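# Breakdown of the fold
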Amino acid sequence: MSSNAPPPSEGADEILSPPTPPKAPVPLSLVFPRIGPELFAAIRGTHAQKVVLQVPAGLTRNAHHLAAEITEKTGAAVLLASRACFGACDFPSESEAPGAELAVVLGHSPIPNVRLARPTFFVEMREAGGDAARLVSILLAADVPRRLGLVSSIQHLDLVPKLVEALVAHGFDVRMASGGPRLFYPAQALGCNYTTAEAVAADVDAFLFLGTGRFHPLGLALAVDRPVWSLDPLQNLLEPPLDRAGMIRKRLLLVASVRDARRWGVLVSSFAGQDRHPMATSLVRHAVARGREAHVLVFDRLDPRDLEGRDLDAYVNTACPRIALDDGGLYPRPMLTPPEFLMALGEIPLEPYRFDTYR
Ligand code: SF4
């Protein structure tokens, strides 16, 4: 390793958006709004004898009942994947569910550019509720800006047309867009990709996130330089924008704290939808050219204990961007996203802050 070599010639955009690998044959993939007779009929239609069922953390309580129901309605044996699952980026692998001919994934839509391990049915668990007129009256009372970008979790996408109609009738100028190849629907929010919002950011004064919890408002606030209001359509609750400047300040303080770090761990996930090996290779080259040591560490599901006792000063995580942003404090050493790592190396400026968009 030489510290005097000039930095590799590729720019930040090339490093952060490496070319996608050639497409493999695509297994069957179907989407269902919720659990019901259509899903059971489709499972029967595959003649699968063994099905693996994957449920997100919030739905595990009833997972055993659902597994029993699938068996009763389709005759297929059901393996319940027990590893925590956070997105449609980490399907059960062949070794986690040996012999399963079909996967049923709850709570997520497909990620179009992620290779499937086997035929997969996505059950998005859409919510039917939400009173558009009442929600608009809440926005009006809070004086939310009229030039508004709209982004939604998939669970609430069915409400979007009605809500937009009611907003426009009250003088709002609502903008929505299709996103990049990682997004299945226009206006969809994904924790690692808010390109549906980025596409309209220049035309709006604020964003409205339709959904529950702080996960998406936090990611969206880092991705777009606009205030993000959050509207829970089931509780009729409007949350004001998060402190974007404060959040970015904390991230930049972390970047500053590791500017002189010598030994870096470059984390790479083996999950089909979190594997950015080419980016990791590129980051190693840049680190070495800047006189740092860099070592690639491969994992599937990352656990803070995996990084204990290592002779490394800091990490850059090329897997799910939300590990560094939301859970980085759980790890024994500072953990940056790839754009933050390039900031720490001095290869891109600190401002404007760059969210780690997984493309
Ligand atoms: S990479 Fe992270 S944010 Fe993106 S879909 Fe997977 S779990 Fe969600």
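Before reading on, note that the structure itself is shown above.
The text that follows walks through the structure, step by step, so that each part is easy to find.

Conventions used here
Residues numbered from 1 in each chain as written. Predicted model: local features only at pLDDT ≥ 70, side-chain atom pairs only at ≥ 80, totals over all residues. Heavy atoms only, no water. Helix = DSSP H or I, 4+ residues; strand = E, 2+ residues; numbered from the N terminus. Contact = heavy atoms within 4.5 Å. Core = buried A, V, L, I, M, F, W, Y, C linked by side-chain atoms within 4.5 Å. Buried < 20%, exposed > 50% of the residue type's maximum accessible area, 1.4 Å probe, protein only. Near = heavy atom within 4 Å. Nonpolar A, V, L, I, M, F, W, Y, C, P; charged D, E, K, R; others polar. Axes fitted to C-alpha atoms, helices over the stretch in contact; angles between N-to-C directions. Parallel < 35°, antiparallel > 145°, perpendicular 65-115°, else oblique. Left-handed = near helix turned anticlockwise from the far one by under 90°. Pairing = 2+ DSSP bridges.

Take the side chain of T195 next. Within the fold, T195 resides in helix 6 (residues 195-198). Setting aside residues no more than four positions away along its own chain, T195 makes contact with S178, G179, G180, L183, T357 and R359.

This part takes up the nonpolar core. As a rule of thumb, nonpolar side chains are buried together in soluble globular proteins. Counting residues in each nonpolar core, the largest one holds 47 residues, and the members touching the most others are F207 and L220. Counting residues per element, this core draws most heavily on helix 9 (residues 277-289), at six residues. Ranked by size, the runner-up nonpolar core spans 25 residues in total, among them V136, L159, V164 and V174.

So, about the site of the ligand. In the vicinity of the ligand, the contacting residues are F86, G87, C89, I111, R182, L190, G191, C192, Q274, C320 and R322. When grouped by side-chain class, the residues that make up the shell around the ligand number six nonpolar, three polar and two charged.

Further remarks concern the packing of helix 2 (residues 37-46) against helix 3 (residues 63-74). Two measures define how a pair of helices packs: the angle their axes make with one another and the distance between the axes. Taken N-terminus to C-terminus, the directions of helix 2 and helix 3 make an angle of 60°; their axes are 9 Å apart at the nearest point. It follows from the interaxial angle that helix 2 and helix 3 lie oblique. Where helix 2 crosses over helix 3, the handedness of that crossing is right-handed. On helix 3, the residues that touch F40, I43 and R44 of helix 2 are E69, I70, K73 and T74. Counted by class, the contact of helix 2 with helix 3 contains three nonpolar, one polar and three charged residues.

This paragraph deals with the side chain of T337. One can find T337 in the loop between strand 14 (335-336) and helix 11 (338-345). Apart from the residues within four sequence positions on either side, T337 is in contact with R251, V316, N317, P321, A324, L325 and D356.

The next subject is the sheet that holds strand 13 (residues 314-317). With parallel pairing, four strands are arranged side by side in an open sheet as 12-11-13-14. Edge positions in the sheet fall to strand 12 (293-299) and strand 14, since each of these pairs with one other strand and no more. When strand 13 meets strand 14, the two strands line up parallel, connected through two bridges. Counted as the bridge partner of Y315 is M335 from strand 14.

Time to look at the packing of helix 4 (residues 132-141) against helix 5 (residues 160-169). Viewed as axis vectors pointing N to C, helix 4 and helix 5 meet at an angle of 50°, and their least axial separation amounts to 9 Å. Classified by the interaxial angle, the pair formed by helix 4 and helix 5 is oblique. Viewed along their axes, helix 4 and helix 5 form a crossing whose handedness is right-handed. Where helix 4 approaches helix 5, its residues A132, L135, V136 and L139 are matched on the opposing element by K162, L163, A166 and L167. The residue inventory of the contact of helix 4 with helix 5, partitioned by class, reads seven nonpolar, no polar and one charged.

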